[in-house]
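# Analysis of the macromolecular model
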Amino acid sequence: MTETTNLARKRVVLLNPPGSRKYFRDYFCTLVSKARYYYHPVDLIYLSGILDRAGWYVECVDAIAEGLTPEQTAARVERCAPDLVVYLIASPSYDEDVPFLTMLKGRVPQATFVGSGDIYRELRERALELHSFCDAVLTDFSTSDLTDWLSRTEDTLVRNVIYRAADGRILAGEETHGRGAYHLPVPRWDLWPLDRYIFAFARHRRWATVLTDFGCPFSCLFCPMSTTGYKLRDIDTVIDEIRLLRSLGIREIFFRDQTFGVDRVRTQELLRRIREEFPGLSWTCWSRVDLVTADFLKSIVEAGCHTIMFGIESSNEDVLKQYKKNTRRQQMEQALRMCEDVGLRTVGTFVIGLPGESKKSILRTIEYARDIPLDFASFNIATPRFGSTFRRLMKEQGAVDLDRMTYDSSKSSPTWTGDAGTDTLSNKEIFRLQQRAIRRFYLRPSYLLRRLRRIRSAYELYAQVREGWDLLIS
Ligand code: SF4
C-alpha cells in the first residue's frame, strides 16, 4: 500500500487507555495485574484485523503496555488525526478512564468514539448518556458488526452496536454473539508493541495471545464469560495467524480460549495441524478439570503445550455446586495427577469470599491449594463482575451499590453493601485471607525447590523470580 493510498484511507486508533496500574480491560473479564505480567488486549488485537480488512488505516496505541502517561497518549492519538477511536473502558479503571476519555475527545473532536468493555454490557444505552465522549458502544469484538455500522447508509438497528441516530434516538442493537462456527480475520500483529507484553508462564520472551473460540459453554454464575455464548473460530484462520506470528519471530502462544478443548473432534484437528506445521511451538491454555482426560493431555503436550490453567475456585463442593461450577475435588486431584504424569505445569485459580463461604471454609481451601500438586496458584477476591449472573442476583438482593462502577477482583476493595456479602466476613478480612493464601502457597521451601527443578530456560527463571517477587510484595 503506497503512502498516497494510506492518506486517502479513513484512520482508526485502537486505544487501550493509560492507567496508574496495569489494568486488564479486554474480553469482558477485567482485573488488575498482581505482578508485572501484562497481556495483549484481545478485543483490540482482533479488531485490528477486522478494520484493516475493511480498508481502514489502523494505528494501535496500548498506553499501559507502552507505559504512556495520559498526556503522551493524547498527543499520540492527536498525531494520528483519527476519524475513529475504538477505546476500551473497564470496571477496575473506571475512575481513570472517564476523565481521560473526556479529555481525549476534546483533543480529537472530529473522531467518532466507539467504546467496548465489561461495564458497557450492563450500561448499554445509559453509556451514551453518562459518557459525553461516547458515540457508540460495541458489545462483541469478534464480528463484523462494527464495520457494518461504520458503512451504514442510513440509521438502522445494527447487532451489537448501540448509538445515537441523526434524529437523536438511541438505537440499541441486540447483544448477540452467534453460535457454531465463526470467522475472525488474522490481526495486524505487526502494529502492536510485541516486546512490551509479559507472560509469567512463557518460555520465550516474545509471545502472542490467540483465540480459537469465543465465549464459554459453561454456566459458572460468578463468571462474565458464562453469558457470552460460545462459538468456534475456523481452524484455517487460526493456522494462518500462527503462521504470521512465526514470521514475526514468535514461538510462544497463550491460547486464551476460556476452556480449551471443549469440542474434541475439532480440537484434535487443530492439534494435528499445529503438530505438523509448527514443530517447536510452545504454549499455554485454560481448561476444566472435568473435561481433561489422559489422552487429551498427552495430545496437547505433543503439540507443544507446557502449562495448563484450571479454575479450581474452592475446595468446598457445596459452594462449587451453588455457583454452578459443578466440579468435584476428586476431579481436580485426578486432573492434576494426570498433568503431572505427562509433564504439564499446572496453574489453579481460586476465588475467595463468595457469599456462602465462611472463614473456616476459605482456610480449608487455602490448605487444599497447598495439598494438591499445583505449580502455581492465583487467589482472587469475589466481586460482582459486570455481565455475570452472580452480579444480577446480588443486584436483585440489594447487595451491591447500583451506582458503583469500580471493582477489582485482584485486590480487596469494599464490595458488598451492608452485611449481604457473606455471613461473617468483612472485605478487610477477605483481603487478609487472600494475602495469607499467597504466602501459605508460595513460601514453602519444598515448593520453591520444586519450582527451581522445573525451570527450562534462562528467560523462564528470570520471569518467574520477577513475578514471584512482585506477587509477594504487592
Ligand atoms: S468454565 Fe471458566 S470461563 Fe467458563 S464460565 Fe466457568 S469460570 Fe467462566
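Residues numbered from 1 in each chain as written. Predicted model: local features only at pLDDT ≥ 70, side-chain atom pairs only at ≥ 80, totals over all residues. Heavy atoms only, no water.

## Quick look at the overall build of the protein chain
Helix and strand counts for the protein chain come out as 17 helices and 18 strands. Relative to the 2.2 N^0.38 estimate, which gives 23 Å for 474 residues, the radius of gyration of the protein chain is 22 Å and therefore close to what a compact globule would have. In terms of overall dimensions, the protein chain has C-alpha extents of about 60 × 55 × 40 Å along its principal axes. Sequence separation of 24 or more characterises 74% of the internal contacts of the protein chain that already satisfy a separation of 6 or more. Carbon and sulfur atoms provide 51% of the accessible area of the protein chain, an area that totals close to 18800 Å². Of the charged side chains in the protein chain, 68 are positive and 62 negative, and the gap between their average positions amounts to 5 Å. (Helix = DSSP H or I, 4+ residues; strand = E, 2+ residues; numbered from the N terminus. Rg over C-alpha atoms; globule rule 2.2 N^0.38 Å. Contact = heavy atoms within 4.5 Å. Areas by Shrake-Rupley, 256 points an atom, 1.4 Å probe, with all protein chains shown as cover. Lys, Arg positive; Asp, Glu negative; His and termini not counted. Charge placed at Lys NZ, Arg CZ, Asp CG, Glu CD.)

## Remarks on the domain arrangement of the protein chain
Here the protein chain is described as being made up of domain 1 (9-172) and domain 2 (199-473). In this structure, domain 1 and domain 2 have C-alpha centres spaced 27 Å apart. The interface is formed by 30 residues belonging to domain 1 together with 40 residues belonging to domain 2. For the pairing of domain 1 and domain 2, the buried interface totals around 3100 Å² over both sides, and the portion due to carbon and sulfur atoms is 53%. (Domains from an automatic or database assignment. Buried area = accessible area lost by both parts, 1.4 Å probe.)

## Some thoughts on the side chain of H40
Locating H40 in the fold gives a position in the loop between β3 (31-32) and α2 (42-53). For H40, the side chain forms a polar contact with the side chain of T209, separated by 2.7 Å. For H40, the contacting residues outside a window of four places in its chain are D26, I45, W189, Y197, W207, A208, T209 and R256. (Polar contact = N/O pair within 3.5 Å; in protein donor to acceptor, adjacent residues only side chain to side chain.)

## Considering the sheet that holds strand β8 (residues 161-164)
What the seven strands build is an open sheet, ordered β4-β1-β5-β6-β7-β8-β9; its pairing is mixed. With one partner strand each, in any of the chains shown, β4 (57-62) and β9 (170-172) form the two edges of the open sheet. The sheet shows a mean angle of 15° between the axes of neighbouring strands, taken without regard to direction. Bridge analysis of strand β6 (residues 112-116) against strand β7 (residues 136-138) gives two bridges, and the strand direction is parallel. In the strand pairing of β7, V114 is matched with A136. (Pairing = 2+ DSSP bridges. Axes fitted to C-alpha atoms, helices over the stretch in contact; angles between N-to-C directions.)

## Re the pattern of salt bridges
Taken as a whole and assessed by the stated rule, the structure comprises 34 salt bridges. Measuring nitrogen to oxygen at the nearest pair gives 2.8 Å for the salt bridge that ties D195 to R206. With D195 in the loop between β10 (180-182) and β11 (207-210) and R206 in the loop between β10 and β11, this residue pair connects regions lying 11 residues apart in the sequence. Taking relative accessible area as the criterion, R206 reaches 26% and is therefore assigned partly exposed. The residue R440 makes a salt bridge to E367 at a minimum N-O spacing of 2.8 Å. With a gap of 73 residues between them, R440 in helix α15 (residues 427-442) and E367 in helix α13 (residues 359-371) connect regions that are remote in the sequence. (Salt bridge = Lys/Arg side-chain N within 4 Å of Asp/Glu carboxyl O. Buried < 20%, exposed > 50% of the residue type's maximum accessible area, 1.4 Å probe, protein only.)

## Topic: the environment of G387
Relative to the helices and strands, G387 resides in the loop between β18 (376-381) and α14 (389-396). You can call G387 partly exposed: its relative accessible area is 23%. Sequence spacing of G387 and M225 is 162 residues, and the spatial spacing of their C-alpha atoms is 7.8 Å. In this structure, G387 is in contact with R121, P224 and T227, ignoring residues within four places of it in sequence.

## Observations regarding the nonpolar core
In this structure, L14, L47, W283 and I300 are the most contacted members of the largest nonpolar core, which totals 113 residues. No other element matches the seven residues that α2 contributes to this core. Domain assignment of the residues forming this core places at least three in each of domain 1 (9-172) and domain 2 (199-473). In contact with W283, not counting residues within four places along its chain, are E252, I253, F255, F260, L271, I274, I300, A303, G304, C305, H306 and T307. L128, F133, V351 and A382 belong to the second largest nonpolar core, which has 43 residues in total. (Core = buried A, V, L, I, M, F, W, Y, C linked by side-chain atoms within 4.5 Å.)

## Points about the packing of helix α10 (residues 294-302) against helix α12 (residues 329-342)
Running from N to C, α10 and α12 cross one another at 40°; their axes reach a closest spacing of 10 Å. It follows that α10 is oblique to α12 by the angle criterion. The interaxial crossing formed by α10 with α12 has right-handed handedness. Contacts between α10 and α12 involve A294, L297, K298 and V301 from the former and A335, M338, C339 and V342 from the latter. Of the residues assigned to the contact of α10 with α12, the class counts are seven nonpolar, no polar and one charged. (Parallel < 35°, antiparallel > 145°, perpendicular 65-115°, else oblique. Left-handed = near helix turned anticlockwise from the far one by under 90°. Nonpolar A, V, L, I, M, F, W, Y, C, P; charged D, E, K, R; others polar.)

## Quick notes on the packing of aromatic side chains
If you walk through the whole model with that rule in mind, you get 32 aromatic pairs. Consider the rings of Y442 and Y447, whose centres lie 5.5 Å apart with planes at 80°: the pair is edge-to-face. An identical accessibility class is assigned to Y442 and Y447; each is buried. By way of ring pairs, the aromatic residues F24, Y37, Y38, Y39, Y197, F199, F201, W207, F254 and F376 are connected into one cluster. Seen from the ring of F441, R444 lies directly overhead, with NZ or CZ sitting 4.7 Å from the centre. (Phe/Tyr/Trp six-rings, centres within 6.5 Å; stacked < 30°, edge-to-face > 60°. Lys NZ or Arg CZ within 6 Å of the ring centre and 35° of its normal.)

## Quick word on the site of the ligand
Neighbouring the ligand are the residues C216, F218, C220, C223, S226, Q258, T259, R288 and K325. Of the residues that constitute the shell around the ligand, the class distribution is four nonpolar, three polar and two charged. (Near = heavy atom within 4 Å.)

## Focus: unusual backbone geometry
Residues apart from glycine generally show negative phi values, whereas peptide bonds are mostly found in trans. You will see that N160, though not glycine, has its phi angle at about 65°, which is positive. With respect to the helices and strands, the residue N160 is situated in the loop between α7 (145-150) and β8. Here the phi dihedral of K324 falls at roughly 60°; this positive angle occurs in a residue that is not glycine. Tracing the chain through its elements places K324 in the loop between α11 (317-322) and α12.

## Quick look at α14
Of the residues making up α14, those classed as buried are T389, F390, R391 and M394. Of the surrounding elements, those touching the buried residues of α14 are α5 (118-123). Taken from the residues just after α14, G398 is the one with a positive phi, measuring 75°.

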